[in-house]
Number of protein chains: 4
Amino acid sequence: MSKGTVVLAYSGGLDTSCILVWLKEQGYDVIAFLANIGQEEDFEAAKKKAVDLGAKKVFIEDLRSEFVEDFIWPAVQANAVYEDRYLLGTAVARPCIGRRQVEIARKEGAQFVSHGATGKGNDQIRFELTCYALYPEVKIIAPWRIPEFYNRFQGRKDLMEYAQKRGIPVPVTPQAPWSMDANLMHIRWVRPHILELSHGPADLYLMTKNPEDAPNTPDVLEIEFTNGVPVKVTNIKEGQSKDSPLEIFSYLNEIGGKHGVGRIDIVENRSIGMKSRGIYETPGGTILFKAHLDIETFTMDKEVRRIKQALSIKFSEFIYNGFWYSPECDFVRHCITKSQENVQGRVQLSVFKGQVYILGRESPKSLYNEELVSMDVQGDYDPCDASGFIRINAVRLREHHRLQSLADNKQ
Amino acid sequence: MSKGTVVLAYSGGLDTSCILVWLKEQGYDVIAFLANIGQEEDFEAAKKKAVDLGAKKVFIEDLRSEFVEDFIWPAVQANAVYEDRYLLGTAVARPCIGRRQVEIARKEGAQFVSHGATGKGNDQIRFELTCYALYPEVKIIAPWRIPEFYNRFQGRKDLMEYAQKRGIPVPVTPQAPWSMDANLMHIRWVRPHILELSHGPADLYLMTKNPEDAPNTPDVLEIEFTNGVPVKVTNIKEGQSKDSPLEIFSYLNEIGGKHGVGRIDIVENRSIGMKSRGIYETPGGTILFKAHLDIETFTMDKEVRRIKQALSIKFSEFIYNGFWYSPECDFVRHCITKSQENVQGRVQLSVFKGQVYILGRESPKSLYNEELVSMDVQGDYDPCDASGFIRINAVRLREHHRLQSLADNKQ
Amino acid sequence: MSKGTVVLAYSGGLDTSCILVWLKEQGYDVIAFLANIGQEEDFEAAKKKAVDLGAKKVFIEDLRSEFVEDFIWPAVQANAVYEDRYLLGTAVARPCIGRRQVEIARKEGAQFVSHGATGKGNDQIRFELTCYALYPEVKIIAPWRIPEFYNRFQGRKDLMEYAQKRGIPVPVTPQAPWSMDANLMHIRWVRPHILELSHGPADLYLMTKNPEDAPNTPDVLEIEFTNGVPVKVTNIKEGQSKDSPLEIFSYLNEIGGKHGVGRIDIVENRSIGMKSRGIYETPGGTILFKAHLDIETFTMDKEVRRIKQALSIKFSEFIYNGFWYSPECDFVRHCITKSQENVQGRVQLSVFKGQVYILGRESPKSLYNEELVSMDVQGDYDPCDASGFIRINAVRLREHHRLQSLADNKQ
Amino acid sequence: MSKGTVVLAYSGGLDTSCILVWLKEQGYDVIAFLANIGQEEDFEAAKKKAVDLGAKKVFIEDLRSEFVEDFIWPAVQANAVYEDRYLLGTAVARPCIGRRQVEIARKEGAQFVSHGATGKGNDQIRFELTCYALYPEVKIIAPWRIPEFYNRFQGRKDLMEYAQKRGIPVPVTPQAPWSMDANLMHIRWVRPHILELSHGPADLYLMTKNPEDAPNTPDVLEIEFTNGVPVKVTNIKEGQSKDSPLEIFSYLNEIGGKHGVGRIDIVENRSIGMKSRGIYETPGGTILFKAHLDIETFTMDKEVRRIKQALSIKFSEFIYNGFWYSPECDFVRHCITKSQENVQGRVQLSVFKGQVYILGRESPKSLYNEELVSMDVQGDYDPCDASGFIRINAVRLREHHRLQSLADNKQ
């Protein structure tokens, strides 16, 4: 008698392979679900492996286009960045994966979903809040939070032994000193054992070249935006251009990676309140972040920008904390989308040795008025007005000073 | 009969030299005041020139140390940045200059102050609000907003002619296509005539090398912070170190400049509501910004950080808009200073080809707990708690979904 | 030769009558425009008077319905309140009047608009920013800021003398000790001469009864909302109901006024930075404010509410400061409207002796789940989850304490 | 063998009496702790009862003064209010009780604390976060979240039976239809069984008279503030005055209660994400809230006020959610205290039929300048400045309109 059907977010690696087998041992039917969100993977091999391990069904789903359009693009519109530095590459991928997993679970009549995320991290939260929001009756099996599981598998050695006993193919390479989470947007590096913060990582990066080894000549790109999202990228020198979302983002990854753009090594605050170290490489995302910031400031009203900036900080926190599918995130996303109606135009930039330099911008919606700002042309502007403006702004400051002086004199 | 005494913020250049003479013509006694805030200048020559032009007195004041300690340091503590990009190098200098100018005016019994800032810019506002706040009864003469002045001097040519007639030494070099504002923190470049935005600047930078020509080997620095301000910088390879504020900042400028760090070309929103282009180079400030952000996130509580982040955005706007000396800026500065009590420790970073890379950090106030965050060690943490945490966070989301489904079914 | 045509915001009172004649003296053709926004006024008499004084044309426009629907309703949706107390009754009226005035000016080919607002107040700003935003080329004549005007008319006595000379009908009543600004939403009282703050107003109120004299029995109302705006009000006991915007609001004024609701006496901060005293009576607006707050909290998601609350504070400041017609106000209004999609249902309340008491509420969009919140029914809720929730929230607090103890022990 | 010692937050009522006995049954030594925070209670009888039930020790602690000074006063300084309506009377009491409970636990060497709060409410969170923050190693026993407990006691009937068997004195009165939580600041009413929202409460209030039955003559009070907290209250007519914190607050409760001030019936959002109904009566707190708001606006700079307002909203959320003892609450409290330095002066108000009317205010720190604001006196103010101020503010709006017109024309 089966306890029911579980849709397992399966990666093909050691952990989720063991979980697949363990779930079957516990009496569940297991459907393996592997999302292609741009990571390097032999998907066919992974499929075969899942079938061999006893998965009732295997779904390999190419989510790359929807990942770009439905998740990365809104983050670009928002200039989404967590704690001033992290571009949220993992955080935006989780709701994308979870959404499809839940669709499969509903379609296949599965009451359970499962995943291999650890019990101390953010991903369990992002994943599960997505599932609960979209499939409220779902039951979630998180083995790394189940004592029978985590007490049995206290380290990689235990998993390896289990794998060998159960006929799970075991990776022949020695364990890397760093684990990673890769997708189209970025790679996140986590070192499992030693987490000392006082030394930088050895050269572990994959998506990006070491800036020291990057080309000595910049690439110059022009990115065209409509409604705050890129619709075309052109390599000025080479004349090459891309205009579908997935191609645009992939090409920016290629150029950014070639020039070593988007590496950061930070300490961040996890949802559950502990600080952790994150090492990220986000080549294309970093280029887009800078380009979007530029065209946005060029075309968006100053005061709208201030409000949108505050909303974006909220939005970034919602994403980081796993609340992509929530009323508040829906609301803020709607507002941000509204703010992007005039964010249109072209940004030219050069990419070189880990840096992105904005070279220029132009837009049919530009709010920049050369004549108005010129020092030599008066334009429709009377400098005398500025005197009144300043003096009125000073009313409060002068009054404040007057009262302070009175107070000081009394003492 | 003198109309009274004016303290003129005098730079030694063509504009303020003409203003000096013009003010005398209008019947004022003029005291020339030239602040040394780190710009390249032959101060002795400027002094002599002012005397020759008829200044009653000339004050040349070295404000570099107080500029760093009283103005740049608070901006560092705040991670002050305007519209996500501009580090406020000009904006923090104005209240520093204005404060001394007003002290001189009070001491010398001058009822007037004057400056050469234009009528469309931010600096007039920053300068005058400082004066009004600290010397509420002062009268301000802003020639570029006085019709008799600006109608008479409609371009550089008019100023040159006037200079020649009045015996004012005229610069022999042809007018640079870009004007600039330089101080210890940065150089701002403004192109007077043509302000087209679609092309990047020719190579006009002075404080920073072109990253393409920068050294092929990084410099590695260690910056030590106490109360959120740097107290020591050490060049790891060379062993060199600095520990006074002015020396620290100057050294960071030197290293940043050598590696081409801190160049930006942006469109920004001026106080008076127009967009303008700013090209800035802020080498040392950029290094400090990144280093401080890192040590702060490492040592500051997550939720305190969120509140402080919002306060810093306000603080940056106050500075940009000229409200350094205001009750709200005082208040926010006080709060930010409070937030920095535990921002202490050392950050290691490398500087290379226009980029700053954080390599590591350590602190006696670190809130990072290796054991707590480790994937292999449980620490004082029960993974089961995360299930409850997630499920409670999902209560609202599931309820929302339930009601939406009800609504959808009704339709 | 006429200097051009001016559309004057004319009230029929002494000030704007004198301005009408003065403008003609200055060489302008004057079109008088009198908006009916619900104030008590003999509009026909005012029209006749304007014609007699030489107005080229007179427009009397009934703006009451659009005032309610286009200006008061958005304020209700926002729970708009300035500095925690002022419901913005004057501030929302200005853009309503200004919009029509500008329409008339455009239609009549007038290059000028004029008004009688003083040079120290908020209304000049609200009025003129509306005009500039909607008719950027317009020229504004604000006599109370023109030295020839305000030096000539230094007090009411000068205006009276001028009126007598020019055949302007002079009010026979002695000047009231308080001036007022009345519209459908409220009356604002301003005392022209003595502004001492330490004594309350004598009984000057017009829209509201003194609570001490109000009925000893409450009225009980039910207000129905859709999209955050009232669509029906019913007097439960009397069975009477209203369902057009203007009727609803007028009826709430009637009931609120009868029970002395909505009187406040406050000090507020004007746009131009000085503090002033405002005495307001806003009977219907106060009832609606409380009712809307209640139905909104009942039907809006908790976290959406927090964001909307912050947006509403901004919105209120924009309105107060005259920026109704601005990109930021458009943007925020759009966001707030979006937030109101589910704000639907009925609120029952009683109105009694100056107070509004919410008695109950119900809604098809209620987010309240009796079973979920019940202490006796478990519902779909596991109390054990709360333990995990609390312990995860405590991770950061316990860690903070641990580090503080370490620090304390070191000292 | 004892499992250890538990300090139980004991109220003397049925629930915590049963918990006391149940804890002993489970093998714990129990110390009963009963905090006097102003609720009506026969403390001696409660003590005797606890001893009779087998408590090892009983602590009855009078925390009223520290409750006022350490918890209510900061809330007054902040104008703390949750979701625009709830004055946080229960939320500020929890950390006060928890702090002492933890002190007792430490002193008595108890490793455990326990309480009778339910598993769906806010109080469990407020209580436990306080304990974890101040005593991180503590273990918490929350019976209403322990299945063996809550499955055994599924309703009041089960508790009654248990009480009878164990010799616990059983209340003779039938169960009230509403339970309550009372302290010096307020009474919160919760109806255990039926929570329908569409009908108002029967007259259950205890601290406040029904406004309909309240006196027909107002009381007029003068409250004096220093540093944003009341230091004296005087009944103007009766001449009576109080000047210690506890006496001041108690007297305001008396007057407020007599006139039916501070009743609200709201739906609020609990920390754990569900909406619940709260009926509160907060007589003295409501008077103080209005008085403080008034003196604060009178004496605080406009822009400081805006920042402080945002901090207060945060502060209120922290308190509501149980984070009184947290780094962020410490930080914000520090900032708010700083903001109160000039909040000094006297407010006169009348209290009548459920309402508080501000009559006047005066302060040595008043920022109100009668001459500056007067319509008849120019003061040190030039009305012409306002023209410049408005025109500069319009630069952006006119530019926006220009571009919109261009766009419209293109279409």
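Residues numbered from 1 in each chain as written. Chains lettered and ligands numbered in written order. Predicted model: local features only at pLDDT ≥ 70, side-chain atom pairs only at ≥ 80, totals over all residues. Heavy atoms only, no water.

1. As for the domain arrangement of chain A
Here's step 1: What the domain assignment lists for chain A is domain 1 (4-63 + 88-175), domain 2 (180-300 + 342-362) and domain 3 (374-405).
Here's step 2: The straight-line distance from the C-alpha centre of domain 2 of chain A to that of domain 3 of chain A is 42 Å. (Domains from an automatic or database assignment.)

2. Here we look at the pairing of strand β7 (residues 187-190) of chain B
Residues and elements named next belong to chain B.
Here's step 1: Taking every second residue as pointing to the same face, both faces of β7 are buried, with I187 and W189 on one and R188 and V190 on the other.
Here's step 2: Relative to β7, strand β6 (residues 179-182) runs antiparallel, the two being bridged by four bridges. Looking at the pairing, M180 lines up with W189 of β7.
Here's step 3: Linking two consecutive strands that pair antiparallel, namely β6 and β7, is a turn of four residues. (Buried < 20%, exposed > 50% of the residue type's maximum accessible area, 1.4 Å probe, protein only. Helix = DSSP H or I, 4+ residues; strand = E, 2+ residues; numbered from the N terminus. Pairing = 2+ DSSP bridges.)

3. Structural notes on the packing of helix α3 (residues 64-78) of chain D against helix α4 (residues 89-108) of chain D
All names here are of chain D.
Here's step 1: Running from amino to carboxyl end, α3 crosses α4 at an angle of 140°, the nearest separation of the two axes being 10 Å. By the angle class used here, α3 and α4 are oblique. The crossing of α3 and α4 is right-handed. Along the contact surface, α3 presents E66, F67, D70, F71 and A75, while α4 presents G89, V92, A93, P95, C96, R99 and R100.
Here's step 2: Looking at the contact of α3 with α4 residue by residue, the classes come out as seven nonpolar, one polar and four charged. (Axes fitted to C-alpha atoms, helices over the stretch in contact; angles between N-to-C directions. Parallel < 35°, antiparallel > 145°, perpendicular 65-115°, else oblique. Left-handed = near helix turned anticlockwise from the far one by under 90°. Contact = heavy atoms within 4.5 Å. Nonpolar A, V, L, I, M, F, W, Y, C, P; charged D, E, K, R; others polar.)

4. Observations regarding the interface of chain A and chain B
Here's step 1: Contact with chain A, which involves 102 residues of that partner, is made by 102 residues of chain B.
Here's step 2: Taken over both partners, the interface formed by chain A and chain B buries close to 9,300 Å², and the fraction arising from carbon and sulfur atoms is 57%.
Here's step 3: A per-residue breakdown of the area chain A buries against chain B is headed by K120, K275 and K302 of chain A, which together make up 8% of the total.
Here's step 4: One can count 10 salt bridges joining chain A with chain B.
Here's step 5: For R361 of chain A, the salt bridge identified is with D265 of chain B, shortest N-O distance 3.3 Å.
Here's step 6: Applying the counting rule to chain A against chain B returns 32 residue pairs in polar contact (both at pLDDT 80 or more). (Buried area = accessible area lost by both parts, 1.4 Å probe. Salt bridge = Lys/Arg side-chain N within 4 Å of Asp/Glu carboxyl O. Polar contact = N/O pair within 3.5 Å; in protein donor to acceptor, adjacent residues only side chain to side chain.)

5. Quick look at the pattern of salt bridges
Here's step 1: On inspection of all chains with the given rule, the structure shows 132 salt bridges over all chains.
Here's step 2: We note a salt bridge from R396 of chain D to D301 of chain A, for which the minimum N-O separation is 2.8 Å. Residue R396 of chain D is located in helix α13 (residues 383-410), and its partner D301 of chain A is located in the loop between α9 (283-299) and α10 (302-320); the two belong to separate chains. By the burial criterion, R396 of chain D is buried, and D301 of chain A matches it.
Here's step 3: Close ionic contact of R94 of chain C with D123 of chain C constitutes a salt bridge, the shortest N to O distance being 3.2 Å. Here R94 of chain C is found in helix α4 (residues 89-108), whereas its partner D123 of chain C is found in helix α5 (residues 123-134), with 29 residues between them in sequence. Each member of the pair, R94 of chain C as well as D123 of chain C, is classed as buried.
Here's step 4: Within the structure, one salt-bridge network assembled from shared partners comprises E61, E66, D70, R99, R100 and E103 of chain A.

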